[in-house]
Amino acid sequence: MIRARVRRCLTTTVRWLALAVAATLGAGCSPSGDQYEARIRRTSYGVAHIEASDLASLGFGEGYAQAEDHLCSIADQVVRARGERAKYFGPGEDDVHLLNDAGFKALRMHGRAAEDLAAQEEDLQAWYEGFVSGYNLYLDKTGRDNVPGWCRGADWVFPISAVDLLAYHRSVVVIASRFASMMAAARPPVAGGVARQASIPRFSATPELGASNGWALGRDWTESGRGMLIANPHYPWVGSNRFWEKHLVVAGELEVYGVGLLGVPGVTIGFNRAVAWTHTVSAGTRYTLYELDLVSGSPTSYSYEGEEREMIAHTVTVDVRQEDGSVESVERIVWFSHFGPVIDFPDVGWTAGRVLALRDVNLDDDEAWGQWLDMNRARSMAEFQQAHAKYQGMPWVNTIATSAEGLAWYTDSSSTPNLSAEAIERWLGLRESDSLTRRAWQRGVVVLPGNSAVFEWQDDPDARDPGVMAFEDMPQVERTDYVFNANDSFWLTNSSAPLEGDYSPLLGSQRTVRSLRTRNNDLTLSHRSPDRPAGDDRKFSLDEMAAALLENRSLTAELLKPELVERCEASPRVTLGAETIDLEEACTVLAAWDDRYDVGSRGAALFREWIGRYEPADLRDGGRLFAVGFDPEHPVHTPRGLAPGGLAVENLARAVRLLRSRDLPLDVALGELQYALSKTAKRIPIHGGQGFYEGVMNMQRSGRNASTLEPLTRPARVEGSRFLTEEGYPVVHGSSFVMALEFTDDGPRAKAFLTYSQSGVPTSPHFTDQTELFSRKQWRPILFEEAQIEANLEREYTVTRPKRRLVGN
């Protein structure tokens, strides 16, 4: 690393008295005392308020409380990060566990985690040690055979170490972890140069953590004249990528409220008394692939700057459980170029002439967790911004923030490869002339020539690591009206002042089409949506802002439904093959529909089945669906209008035929079909829509969290439908932690949902309680002040344990 890491005993800010006394006594930065102790108070809906005298004990309390609610999910991820899924679950279908374990071991996920931990400041190390000590205390007290949940009695549930925990965190931050199976599957071609294509899991170029909405309102846009925030990450409802809600306090040092992923100490989305922030997944590039020109007759050698370079073969050993329960060790060779691991990429493979290698910008990112801690501690927007500039550790997220003084700030400071101007120019040319480069970019993947030093990442002394772009070169803007992001690039952070300039295209595109969900966000915030949610004064109150997010307006319907109904009424009968479909009822249902995706909306399912007949590309420009194509001068209002011709009505007839074939009324209420799949005890109706197709901000969809082994039976898809299953529209991914916050003269005031509820234990009263609130759009107040906590106290307990360093298995 080229940025020096300086361990701090006292920061320039006011530190809590206990540390100051300890330092005076020669205790250095280590918290005084030889015992962890944390006070945990559970309030309504199981939210944990945790207090301690230092970060070590704070982590201890959080580890204990999280284990009470989600030990199985954390344990599952520790096994994965250790590269031991095959040891406990066998090789898996198509060797998925074996390949993933081999890839993780080749990436040294666990070994690098130990190095990362040693590089952290002492208080952060202590926080991690405390967290695992709390987790282990709960496991010790409960016993593996009595753990509630799906892992009860499992042999893969065991005490963990701080290195185990950090290895799991690396698996989340490092994009290369998503290529682990491709790394282990990569094999040189057999004689004759025939490409080998191993069976590998379905690939996605972006983190499965998915979509989100984030709004920050400045003082000119709010009734209070202070900052306001919407946090609306769209994440899985099952498995490890769920959030857990917390209020963390170290007197005089830290007070922060919000959420973090399971198994992660501290708050990654939330607020303190000065700032509030949220994140959305960035549209930028976190890695590059390199096309290696292989030497004739030697498929493990490649040409680079006119010379031959040999790949390096790394042999890893994976323990694999056999059918009889025994465990055997299996060796696997993983190949590396000087760029990084060689991968068996879909539709490319490894031929006699070429193969792809991967370089991941987050492989050396050990700054993220220190940055989030400083963000938690920030006492002003300036300090919050300084945390970004100092650490430069955000892995793959935009940051949207507001402050008590009424500033709204956006940045995409996600780690990004730093290519030279010449490399960028040549790559842009290859996107037009080279088939592989063009096809890869259509999937959001950057492929560069691997035979030239021109395409090496460039070092910047101001960046956190070699080859990474510096913070000062990344897009950011501070305003007093609004900023937002909904997973498109930085360009349309505020439609009145697009962010344009000499930014690397690896940060995201400019003057390109925005998603329907992005357009809906901006129309809402710029006071141009049909219902004008901020009212005549054009200033949002907390209730107005919260209601606007969950209005469930379909921008797609607003743009297309009027013309669709007109054509339906003009052609009420459509012939499909030998069958004639009567559309009169469909015309009536669509005309009466309120263009929303609420649980009581009738017509929403029919429109969903209609729009689902189109391909994703149809929603990006004029053509089969839209009459008017994208115009960069009018990005919020284009594309628009229903394309001419009979296809729209024909697709409506197909949607009608499909619903009738399932004995579903055309006016079936959305809530009768759309439900929370993971809440098996009862069928809870869920509002919200498909963000990409339907342009609804409150996104809900089916899908899968491939990182978890948590059991979940998903119903089969109905043939002929993009969305409908045998059981309806199951929700397993979408709005997760939903928070609306405003700063007032008396401090922060907020309300929220954790849509899938706080506990993962089916017998807990907090397994479905917030899911039911969300179904009814019944916001609950966030309890931040002491009087609120005491008035809503459900349970209070103190946990203690002697301090000791945990090595783990």
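Let us look at the structure shown here. (Residues numbered from 1 in each chain as written. Predicted model: local features only at pLDDT ≥ 70, side-chain atom pairs only at ≥ 80, totals over all residues. Heavy atoms only, no water.)

On to the packing of helix 11 (residues 421–433) against helix 12 (residues 435–442). A pair of packed helices is characterised by two quantities: the angle between their axes and the separation of those axes. Two elements in contact, helix 11 and helix 12, have axes whose closest approach is 6 Å; the angle formed by their N-to-C orientations is 95 degrees. Compared by their axis directions, helix 11 and helix 12 come out roughly perpendicular. Counting all contacts with helix 11, which are made through Trp427, Leu430, Arg431, Glu432 and Ser433, the residues of helix 12 involved are Ser435, Thr437, Arg438 and Trp441. For the contact of helix 11 with helix 12, the class distribution of residues is three nonpolar, three polar and three charged. (Axes fitted to C-alpha atoms, helices over the stretch in contact; angles between N-to-C directions. Helix = DSSP H or I, 4+ residues; strand = E, 2+ residues; numbered from the N terminus. Parallel < 35°, antiparallel > 145°, perpendicular 65-115°, else oblique. Contact = heavy atoms within 4.5 Å. Nonpolar A, V, L, I, M, F, W, Y, C, P; charged D, E, K, R; others polar.)

Quick look at the state of the cysteines now. In a disulfide, the sulfur atoms of two cysteines are held together by a covalent bond. Following the criterion strictly, the structure yields two disulfides and no others. Between the sulfur atoms of Cys72 and its disulfide partner Cys151 the distance amounts to 2.1 Å. Judged by the sign of its S-S torsion, about -75 degrees, the cystine formed by Cys72 and Cys151 is left-handed. With Cys72 in helix 2 (residues 55–81) and Cys151 in the loop between helix 6 (122–142) and helix 7 (162–173), this pair connects stretches of sequence that are 79 residues apart. With a relative accessible area of 5%, Cys72 lands in the buried category. The disulfide partner of Cys568 is Cys587, and the S-S distance across this bridge is 1.9 Å. Measuring handedness by torsion sign, the sulfur bridge of Cys568 and Cys587 sits at about -90 degrees and is left-handed. In this pair, Cys568 is assigned in helix 15 (residues 555–570) and Cys587 in helix 16 (residues 584–592), connecting sequence segments 19 residues apart. Grouping residues by exposure puts Cys568 and Cys587 together as buried. By sequence-ordered numbering of the bonded cysteines, the chain has its disulfides arranged as 1-2, 3-4. (Disulfide = S-S within 2.5 Å. Buried < 20%, exposed > 50% of the residue type's maximum accessible area, 1.4 Å probe, protein only.)

Once that is clear, we can look at the environment of Gly603. Here Gly603 shows up in the loop between helix 16 and helix 17 (604–611). Between the C-alpha atoms of Gly603 and Phe484, which are 119 residues apart in sequence, the distance is 30 Å. Here Gly603 is in contact with Val589, Leu590, Trp593, Leu666, Asp667 and Val668, once residues within four sequence places are set aside.

Take the nonpolar core next. Judged by nonpolar contacts, the single largest core of 173 residues is most densely connected at Leu71, Trp215, Leu289 and Met739. When residues of this core are assigned to their parent elements, the largest contribution, 14 residues, is made by helix 2. Counting residues in hydrophobic clusters, the runner-up holds 53 residues, among them Leu523, Tyr597, Leu619 and Phe626. (Core = buried A, V, L, I, M, F, W, Y, C linked by side-chain atoms within 4.5 Å.)

This paragraph deals with the pairing of strand 17 (residues 408–411). Residues Ala408 and Tyr410 of strand 17 are buried on one face, and the alternating residues Trp409 and Thr411, pointing to the opposite face, are buried as well. As paired elements, strand 16 (residues 397–403) and strand 17 share four bridges and run antiparallel to each other. Bridged to Thr399 within strand 17 is Thr411. Counted between consecutive antiparallel strands, the loop separating strand 16 from strand 17 contains four residues, among which Gly406 sits at a positive phi close to 95 degrees. In this structure, strand 17 lies alongside strand 19 (residues 476–479), joined through four bridges in antiparallel fashion. The residue bridging Tyr410 from the neighbouring strand is Val477, located in strand 19. (Pairing = 2+ DSSP bridges.)

Turning to the sheet that holds strand 1 (residues 35–43), a few remarks are in order. Spatially, ten strands are ordered 19-17-16-8-7-6-5-2-1-32 in an open sheet, and the strand pairing comes out mixed. Only two strands of the sheet have a single partner each, and these edge strands are strand 19 and strand 32 (793–802). If you compare each strand with its neighbour and ignore which way they point, the axes differ by 20 degrees on average. Running over the sheet, helix 9 (residues 368–377) touches strand 6 (254–261) and strand 8 (275–281) and is turned about 145 degrees from strand 8.

Between two aromatic rings, the relevant description is the distance of the centres plus the angle of the planes. Using the criterion set out here, one finds 29 aromatic pairs in the structure. Judged by centre distance (6.1 Å) and plane angle (75 degrees), the rings of Trp237 and Tyr756 are edge-to-face. Remark: Tyr756 occurs in the loop between strand 30 (747–754) and helix 20 (769–775) and Trp237 occurs in the loop between strand 4 (228–236) and strand 5 (243–250); sequence separation between them is 519 residues. Here Trp593 and Tyr597 contribute two aromatic rings whose centre-to-centre distance is 5.6 Å and whose plane-to-plane angle is 90 degrees, an arrangement assigned as edge-to-face. Take Trp593 and Tyr597: they sit in the same class, and that class is buried. The ring of Trp427 carries Arg431 above its face, with NZ or CZ at 4.7 Å from the centroid. A cation sits over an aromatic face here: Arg683 above Tyr675, 3.8 Å from the ring centre. (Phe/Tyr/Trp six-rings, centres within 6.5 Å; stacked < 30°, edge-to-face > 60°. Lys NZ or Arg CZ within 6 Å of the ring centre and 35° of its normal.)

Looking now at unusual backbone geometry. The omega torsion across Thr638 and Pro639 is 0 degrees, close enough to zero to call that bond cis. Positive phi, close to 55 degrees, is recorded for Glu305, a residue that is not glycine. Relative to the elements of secondary structure, Glu305 occurs in the loop between strand 10 (298–304) and strand 11 (307–310). On the basis of relative accessibility, which here comes to 46%, the residue Glu305 falls in the partly exposed class.

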